[in-house]
Amino acid sequence: MQHVADHFELRPYGKGLLLARGPCPRCAAPLEIPVVLTTVRLLSWRAPARTDPFEVPMACNCNEDHDHRPAGVSEGCGAFWLLGVPAELA
Ligand SMILES: [Zn+2]
Ligand SMILES: [Zn+2]
């Protein structure tokens, strides 16, 4: 996994949701990926003392055709990465 949070913009997107917008780190497709904050909180409970941004796993969900799309993946290019969510947004 690589950290590419720098390229993503996070903004509130309804109750309990953030919307992450940015380019896929692998195929550069513009992505909009909802981040469910309840998942973020569950992750944070495992490390209650941390003050760092939360990190949530994201996957490319582009609609492009990809020659190298992994078998069994119906969307995206197969890229996975971690997105940091600032504590004030979570
Ligand atoms: Zn793509
Ligand atoms: Zn991609």
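Quick note: structure is the one above.
Let me begin by describing the structure that accompanies this report.

What counts, and where the lines are drawn
- Residues numbered from 1 in each chain as written.
- Chains lettered and ligands numbered in written order.
- Predicted model: local features only at pLDDT ≥ 70, side-chain atom pairs only at ≥ 80, totals over all residues.
- Helix = DSSP H or I, 4+ residues; strand = E, 2+ residues; numbered from the N terminus.
- Buried ≥ 20, exposed ≤ 12 C-beta atoms within 10 Å, placed from the backbone.
- Contact = placed C-beta atoms within 7 Å.

Let's talk about the overall build of the chain
Here is step 1 of the chain: Counting its secondary structure elements, the chain contains one helix and six strands.
Here is step 2 of the chain: Across the chain, helices and strands are ordered from the amino to the carboxyl terminus as β-β-β-β-α-β-β.
Here is step 3 of the chain: Across the 90 residues of the chain, 20% fall into the buried class.
Here is step 4 of the chain: The long-range fraction of contacts in the chain, counting pairs at least 24 apart against all pairs at least 6 apart in sequence, stands at 50%.

Some thoughts on unusual backbone geometry
Here is step 1 of the chain: A positive phi angle, near 65°, is found at Ala 28, a position not held by glycine.
Here is step 2 of the chain: Along the chain, Ala 28 turns up in the loop between strand S3 (17-23) and strand S4 (30-36).
Here is step 3 of the chain: Given 14 C-beta atoms within a 10 Å radius, Ala 28 is considered partly exposed.

Interpretation note: all reported values are geometric properties and have no functional meaning in isolation.
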